[in-house]
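# Descriptive structure summary
So the chains spell out like this:
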Amino acid sequence: MSNSSTNRILLIEDDERIRSSMQMALEDEGYEVAGTPTAEEGLELFAAATPDVVLIDVFLPGMDGFEFCRLLRRTSGVPIIMVTARSDSQDVITGLEAGADDYVTKPFVTKELAARIRSLLRRVHTHEGPPATLVIGDLEIAQEAGEVRRASQPVHLTRTEFRLLCELAGSPGRVFSREQLLERVWGYDYFGDGRLVDVHMRRLRTKIEPDPANPVVVVTVRGLGYKIVP
Amino acid sequence: MRRLGIRARVTAAFALGALVLSVILAAITYTLVRSETLRSEQSTDQRQAFVAASLIHAGLRASNPDIPVLLGSLGVPAGSIPILAYQGSWYSTSLGAVRDSLPPGLRRLVTSGSAATQRFELNGIPNFAVGVHLAGTGASYFEVFSMANLHHTLDILFFSLASAAGATTLGGLGVGRWASQRVLAPLRETARAAAAIAGGRLDTRLVAGDADLADLATSFNSMVEALQRRMRRDARFASDVSHELRSPLTTIQTAVQVMQHRREELPARSAQALDLLSVEVDRFERLIQDLLEISSSEGARMALEEVDPGELLLQCIAATGVTGFPVDVDPALSGAVLKADKRRFERVVANLVENAQMHAGGVTRVSATRIGNSVQIAVEDAGPGVPENERQVIFDRFARGSAARRRAAGRGTGLGLSLVEEHARLHGGHVWVEDRPSAGSRFVVELPLSTPDT
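The notes below deal with the structure included here. The model shown is predicted, which means the values in this text are computed figures rather than measured ones.

Interfaces are frequently sized by the accessible area removed from exposure as the parts join. Listed by partner, the interface residues are 28 residues for chain A and 32 residues for chain B. Carbon and sulfur atoms supply 51% of the area buried between chain A and chain B, which totals about 2,600 Å² over both sides. In this structure, the connection of chain A to chain B is made through 3 salt bridges. Between B:Arg262 and A:Asp28 there is a salt bridge, with its nearest N and O atoms 2.6 Å apart. Our count for the contact surface shared by chain A and chain B stands at 5 residue pairs in polar contact (both at pLDDT 80 or more). Listed by contribution, the elements that provide at least two residues to the side of chain A that touches chain B are α1 (16–28), α5 (110–121) and α7 (178–186) of chain A. Among the elements that take part in the side of chain A that touches chain B, α1(A) stands out by supplying 7 residues, more than any other. Here the side of chain A that touches chain B is composed, by residue class, of 10 nonpolar, 7 polar and 11 charged.

Written out as structure tokens, the structure is:
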């Protein structure tokens, strides 16, 4: 899906003028863009367009962006970037918990948005010749195939959750700060929003931990960050 | 002379009142007790003397009376001395008592045929003498009563009353102090609340604990509420306007970017116009961002994290992209923990650096210093400094210290420094500007460090 040829973007934005201008700007950045004003149409279009990234405004008439994320997450791990009103509002947390991978706040510059998209589409870091398959306890992580099994049962992770897991599993026992994870997975600098890491970590734990409330695989090191228990 | 405070005055009034009242009461009590005791003592003495006199009178009528025996048979009570003047001689049962013991006035009066009494002092001892002329015998009978015991009792009474008056005065002083403190407590509470509100804690309210002060509390609270409502309305208006502007601004910005992408295809004049448009759209965007930030700062959600202040400062400076000045981090800050919203902190540093770059000839030095349990972030510049009278207003919204210079720079939103102040306040700190010893000014943000967890 992230081959060097054109990446496809599904753009869901009800403001027609913003949609057209964004479509033009993203096409200038080399993406193929399919735009639609409603989440309902977005869901239909998703099947046909098979986008690599979804961009969605959270405030839409009818089905809102949060609901869209929840529905889409049942079947797909595609990166979703939401467009929110305010970065300091509860909307960000709600959206991330609904399944969004990242967010931008209006007004934004398309270059900034393009950078976010590029980061989410980045391939998994392959360190100096690591094993193609990492094994952590009863977890098997097939880095190339992008698959995770827990006790031989497939676990469905989103693309971002998978990359997060690979970062941690690549160096078992090493503590990663939120800043480091933000940089490696989302491409943010020191000032990235730490909530991205926290919410994704929570979601990842519900999928790979025997008891997500008392994590034993990915543990929090207070004041420092996260590490995977080798 | 400075007028005394309410507390001192109330306390003094209570003490003075207690003093006057207790002295009057003590004086009345002493006077009444003294006169009544003296009166009853003297009438008892008088009766005793008259009885003795009638016995002597009867004894003298007998033939050949033996005067000493007669006097001795009287059986006068202790502390009283009988004296008899008979046929030019003076007799007494007491050795020392002679006619000179008696005051001459009394002596004359009685020997000339009357009955009389007199209080007098002899050798510093108060005495009471009763004299009776014994008609038909030419004799005069006197009896002298010592009043030393009575006076001693009265002295004790006097000292007791005086001490009681003193104690009452002290008590009045204490009660006055306590009462004035009680009365002034709501006033102090009000002053504290007013100070808190002036300091920006607008949700401060007075509790109407006392029925008499309920009016004050109610009107105070409604004043604060009106103020808060008004401020909220203003903030919401700015926030609403900014929100409404975001959508068209997104379109404009994105469209400008599409045009910039094709700049080479445009005729020279259009390209020039596009550049103007770009710059202004960027500035407009910054203004909207600042407005949103400042109008949402009340009740804003702080994304607080525990960070290393020195590291954070270095990251902030790196993020500004401005170089060519030293950044000094106090070694005493190693291990220090600052609870900060990194994004807001970054805005603080970025705005201060930008301010120095745009208006003050550039940053000359940035430092982070530990002062007690706080960290001071200082940004120094090479500018002309900020005049004394502008040092506070410079942090006001849209304050234009030197208007011409600021507009010439063309990028400032007029909100940069007030955002710095706002963010510093949200971190429990504050900001000020001072002169550098050599030249230029120094903006200092002081933030409290958090005590490391144990």
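We now examine the sheet that holds strand β6 (residues 133–136) of chain A. Residues and elements named next belong to chain A. If you walk across this open sheet you meet the 4 strands as β6-β7-β8-β9, and the pairing is antiparallel. Each end of this open sheet is capped by a strand with a single partner; those strands are β6 and β9 (153–155). Each neighbouring strand pair of the sheet contributes to a mean axis angle of 25°, computed without reference to strand direction. The pairing of strand β7 (residues 139–142) with strand β8 (residues 147–150) spans 4 bridges and is classified as antiparallel. By the bridge assignment for β8, leucine 139 is matched with arginine 150. Across the sheet, helix α6 (residues 159–170) lies against β6, β7 and β8, angled at about 105° from β7, the strand it touches most.

A few words on the pattern of salt bridges. All names here are of chain B. For the structure on display, the rule yields 32 salt bridges over all chains. The salt bridge involving glutamate 354 is made with arginine 286; its shortest N-O contact spans 2.8 Å. With glutamate 354 in helix α8 (residues 342–359) and arginine 286 in helix α6 (residues 268–295), this residue pair connects regions lying 68 residues apart in the sequence. Taking the relative accessible area as the measure of exposure, glutamate 354 reaches 19% and is therefore buried. Classification of arginine 286 by relative accessible area gives partly exposed; the value is 24%. Linking glutamate 434 and arginine 442 is a salt bridge whose minimum nitrogen-to-oxygen distance equals 2.7 Å. Taking the relative accessible area as the measure of exposure, glutamate 434 reaches 25% and is therefore partly exposed.

Criteria and cut-off values
- Residues numbered from 1 in each chain as written.
- Chains lettered and ligands numbered in written order.
- Predicted model: local features only at pLDDT ≥ 70, side-chain atom pairs only at ≥ 80, totals over all residues.
- Heavy atoms only, no water.
- Contact = heavy atoms within 4.5 Å.
- Buried area = accessible area lost by both parts, 1.4 Å probe.
- Salt bridge = Lys/Arg side-chain N within 4 Å of Asp/Glu carboxyl O.
- Polar contact = N/O pair within 3.5 Å; in protein donor to acceptor, adjacent residues only side chain to side chain.
- Helix = DSSP H or I, 4+ residues; strand = E, 2+ residues; numbered from the N terminus.
- Nonpolar A, V, L, I, M, F, W, Y, C, P; charged D, E, K, R; others polar.
- Pairing = 2+ DSSP bridges.
- Axes fitted to C-alpha atoms, helices over the stretch in contact; angles between N-to-C directions.
- Buried < 20%, exposed > 50% of the residue type's maximum accessible area, 1.4 Å probe, protein only.

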